[in-house]
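Analysis of the macromolecular model
Listed here are the chains, written in short residue letters.
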Amino acid sequence: MIPALTIENLSKVYDNGFEALKGISFEVKQGDFFALLGPNGAGKSTTIGIICSLVGKTGGRVKVFDVDIDVDFPAAKRYIGIVPQEFNFNQFEKALDIVVNQAGYYGLPSALARERAEKYLRELGLWDQRDVPARMLSGGMKRRLMIARSLIHEPQLLILDEPSAGVDIEMRRSMWTFLRRINEQGTTIILTTHYLEEAEALCRHIAIINHGNIVENTSIKALLRQLSHEVFILDCAESLPEAVALEGFVARRVDDHTLEVEVQKGQHLNQVFAALESKGIRVTSMRNRANRLEEMFVNLVEGAA
Amino acid sequence: MSLREQWVAFMTILRKEIKRYLRIWTQTLLPSAITMSLYFVIFGSLIGSRIGEMGGFTYMEFVVPGLIMMAIVTNSYANVVSSFFGSKFSHSVEELLVSPVANVVILMGYVVGGVSRGILVAIVVTLVSLFFTHLQIHSYFVVIAVVLMTSTLFALAGFINAVYANSFDDISIVPTFVLTPLIYLGGVFYSMDLLPEFWANVSRLNPLVYVVNAFRYGVLGVSDVSLPVAFGMIAFFTVAAFAYSMHLLNSGKRLRQ
C-alpha cells in the first residue's frame, strides 16, 4: 500500500537565514492517526505549510499518495484537507458560505457542495449557526467550522495544526470522537498538538521534531515502552508517618495523605502494593504524576537541546 | 482540475466578489454616484456653462465621458486592491492557495470581479449623467472595448498593489498619490489642445490620457490622440500587468513564505 505521505530530506531556510528544517524524513501510512510533536519553533508548522503549499521548500521531496508536489501539486492538493492553527476565513462571511465556497475552489458543483456542507456542518454541530457570520461564532465553533471546511472535498489526508487550541474540554472530547470516526472510515490524520494527552489518546504513531530535526519517529506504544520509570501519586486513607520507606522503591511523602512512588521499568505495581500493605498503608486512589508521553517528550526534547 | 472544475472555481470567486461589493454597496457603489453627481453639477452645469464649448461640444458633453471613465478606473482598481488585500490580511487567501485551483483562475476571478464593479458603477454614473446632458454614443464597439480593457487593466493594477501591500495604508497610497493625479491630468476636464506643446507632450506619457481619449472617441467621436495608438497603449499595459500578476502568483511572492 502506498504511503499517505512521504517526506524525504525536506529542508527549509527562510529569507532571514533561519534554518527551520534540516533535511527531515518520515512517512505516514494510509489510515494512520499520526502525531507530529515538537516545541514552539521546532518546524512543525513549516512542515505542514510545505505540504499544503503555503510555504516553499528549500530542498527535499514531498509525496502525497505517491504524487510528488514538484510534479503535480494540484493533484496532490486534492488529497489534502488542512485545518490551520490560526483562523483563516473571512470573518464577515456566513458559516455556510465559507464551507460552500471552499467546495467551489475544488470544482464541486453547487448542489453537491450544499449537500456536503449540510452533512459536515450537522456532524460538527454547526448547522443551526449556518447563517451566522463567522465573527459571531465562539472559538470552539470557529475551530469546528475550519474542520468542516477542510472536509468538504472529502480529502484522504487530513492535517490538523493544533486543533484543540482554545477549545474547552467538552468540545475537545466531542472533536476527538469525530476525528476517531473519520479515521475509522479511512481518512489518514496528521495532528500537531501541545496537549500530549491528546496525542496519546488519539494517535498510533508519532514523530517528534526539534530544532528542525526528527528526534523520534515510532509508535506511541513503542515510545512509552522506552520510559525508564514512572512516578505515581497515591492518595492514602490514613495519615502517613513522617518518613516512609518502601523496600525496592523510591518513595516520598508529599503531605499527610499523599505519597509519591517511583516505579522503575521492569517493576510491577503489585510489588508497590505489597510493600504498602506490609507498612499498613491503604491507598484510596492513584494517578500518574505527569502524562507519560509528556515525560518522554520532555526527555527527548531536552536531551536533544 | 478539469476545465469544468476550473470554471466552477472561477464562478465561485466571482460570485463571492460580487456579493462582497453588493453587501457593502454604501461603500462601493453609492460614493461614486454622489461624487460624479457633484462633478456634473459643479463642473458641468455651474462652471461649464461659463466655459463654453470644448472640442466642438458643450463642456458638460465634453467632461461626461472622462468622468464615467474615472469611475471605472477607480472602482475596478479599488475593488481588487481592497478585496485581495483584505483576504491576505485575514489569511483567507489561504483557502485558495491550498486548493488545486489554477493561479490564472484566481487572478481572473478577482479581476472580473473588479471589472464587474467598474461596469456597474459606470452604468450608475451614466444614468446620473442623463439628468444633466444628452448622451449619444458614436461607436458602441469602441465604448465596450475601452471599458473592458481599461477596467481589466486597473483591476490588474489593483491586484499588484494588493500583493505588495503590507498594511491598509499601502492600499490607499497608490490611488491617492498616483491614480487620482494621473486621472485629473489625463484630460478628463480639458482638451490637450489647451496645453502648451511641452506639457501636451509630457501628458502623452500618462496612460490615462489614452484611456480617457479613447472612451471620449467612443462617445463623442473626438479624441486628442490617435485611436489605434490609444488601443495599442491600453493593450500593452494590460498584457504587461497580466504577465506581472501571473509572475507574482506563480512565484508566490508575498503570498507564500
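So, here's what we can say about the structure. (Residues numbered from 1 in each chain as written. Chains lettered and ligands numbered in written order. Predicted model: local features only at pLDDT ≥ 70, side-chain atom pairs only at ≥ 80, totals over all residues. Heavy atoms only, no water.)

1. Side note on the interface of chain B and chain A
Size of an interface, as often reported, equals the accessible area lost when the parts are brought together. Spelled out, the test is: Two residues form a contact once any of their heavy atoms are found within 4.5 Å. Note: buried area is the sum, over both parts, of the accessible area (probe 1.4 Å) each one loses when the two are combined. Salt bridges, as used here, are contacts in which a Lys or Arg side-chain nitrogen is within 4 Å of a carboxyl oxygen on Asp or Glu. Side-chain atoms alone can form a polar contact between residues adjacent in sequence; in general such a contact is a pair of N or O atoms within 3.5 Å, and within protein one must be able to donate a hydrogen while the other accepts it. All residues other than Ala, Val, Leu, Ile, Met, Phe, Trp, Tyr, Cys, Pro, Asp, Glu, Lys and Arg, Gly among them, are scored as polar; the first ten of these are nonpolar and the last four charged.
Contact residues are listed per partner, giving 23 residues for chain B and 28 residues for chain A. Across the chain B/chain A interface, buried area totals approximately 2,200 Å², and carbon plus sulfur atoms make up 52% of it. Per-residue buried area on chain B facing chain A is highest for Glu 95, Val 98 and Gln 257 of chain B; these three make up 29% of the total on that side. At the surface where chain B touches chain A, the tally comes to 4 salt bridges. Between Lys 16 of chain B and Glu 93 of chain A there is a salt bridge, with the nearest N and O atoms lying 3.8 Å from each other. Along the contact surface separating chain B from chain A lie 11 residue pairs in polar contact (both at pLDDT 80 or more). Looking at side-chain class alone, the side of chain B that touches chain A contains 9 nonpolar, 6 polar and 8 charged residues.

2. Observations concerning the sheet that holds strand 8 (residues 188-192) of chain A
Residue and element names in this part refer to chain A. What counts is decided by this rule: When DSSP finds two or more bridges between two strands, those strands count as paired. Each helix is a run of DSSP H or I of at least 4 residues and each strand a run of E of at least 2, with the numbering of both proceeding from the N terminus. The convention used is that axes are lines fitted to C-alpha atoms, helices contributing only their stretch in contact, and that angles between N-to-C directions extend from 0 to 180 degrees.
The strand order across the open sheet built from 6 strands is 6-7-8-3-9-10, with neighbouring strands paired in mixed fashion. Each edge of the open sheet carries a strand with a single partner, namely strand 6 (80-83) and strand 10 (213-219). Each neighbouring strand pair of the sheet contributes to a mean axis angle of 15°, computed without reference to strand direction. Relative to strand 7 (residues 157-161), strand 6 runs parallel, the two being bridged by 4 bridges. Within the sheet, the bridge partner assigned to Gly 81 lies in strand 7 and is Leu 158. Against the sheet, helix 1 (residues 44-51) makes contact with strand 3 (33-37), strand 6, strand 7, strand 8 and strand 9 (205-210), and its axis sits at roughly 145° relative to strand 7, the strand it touches most.

3. A closer look at the nonpolar core
Quick reminder of the rule: Buried Ala, Val, Leu, Ile, Met, Phe, Trp, Tyr and Cys residues form a nonpolar core when they are joined through side-chain atoms within 4.5 Å. The classification of residues rests on relative accessible area computed with a 1.4 Å probe and restricted to protein chains. Under 20% of the type maximum is buried, over 50% is exposed, and intermediate values are partly exposed.
Membership of the largest hydrophobic core comes to 167 residues, with the highest contact counts inside it found for Leu 5, Val 62, Val 64, Leu 145 and Leu 179 of chain A together with Leu 67 of chain B. Residue contributions to this core peak at 17 residues, all from helix 4 (residues 59-89) of chain B. The next biggest cluster of nonpolar side chains, apart from the first, holds 14 residues, and it includes Leu 234, Phe 249, Val 261 and Val 272 of chain A.

4. Describing the environment of Ser 129 of chain B
All names here are of chain B. Mapped onto the elements, Ser 129 comes out in helix 6 (residues 103-129). Separated by 90 residues in sequence, Ser 129 and Tyr 39 place their C-alpha atoms 9.9 Å apart. With residues near it in sequence (within four places) discarded, Ser 129 still touches Phe 40, Val 64 and Leu 135.

5. As for unusual backbone geometry
Residues and elements named next belong to chain A. The residue Asn 9 is not glycine, and still its phi comes out positive at about 50°. Tracing the backbone through its elements, the reader meets Asn 9 in strand 1 (residues 5-13). Here Asn 9 falls in the exposed class, since its relative accessible area comes to 51%. Positive phi outside glycine occurs at Glu 154, with the angle close to 50°. Examined against the element boundaries, Glu 154 turns out to sit in the loop between helix 5 (139-151) and strand 7.

Everything listed here is a matter of geometry and, on its own, says nothing about what the molecule does.
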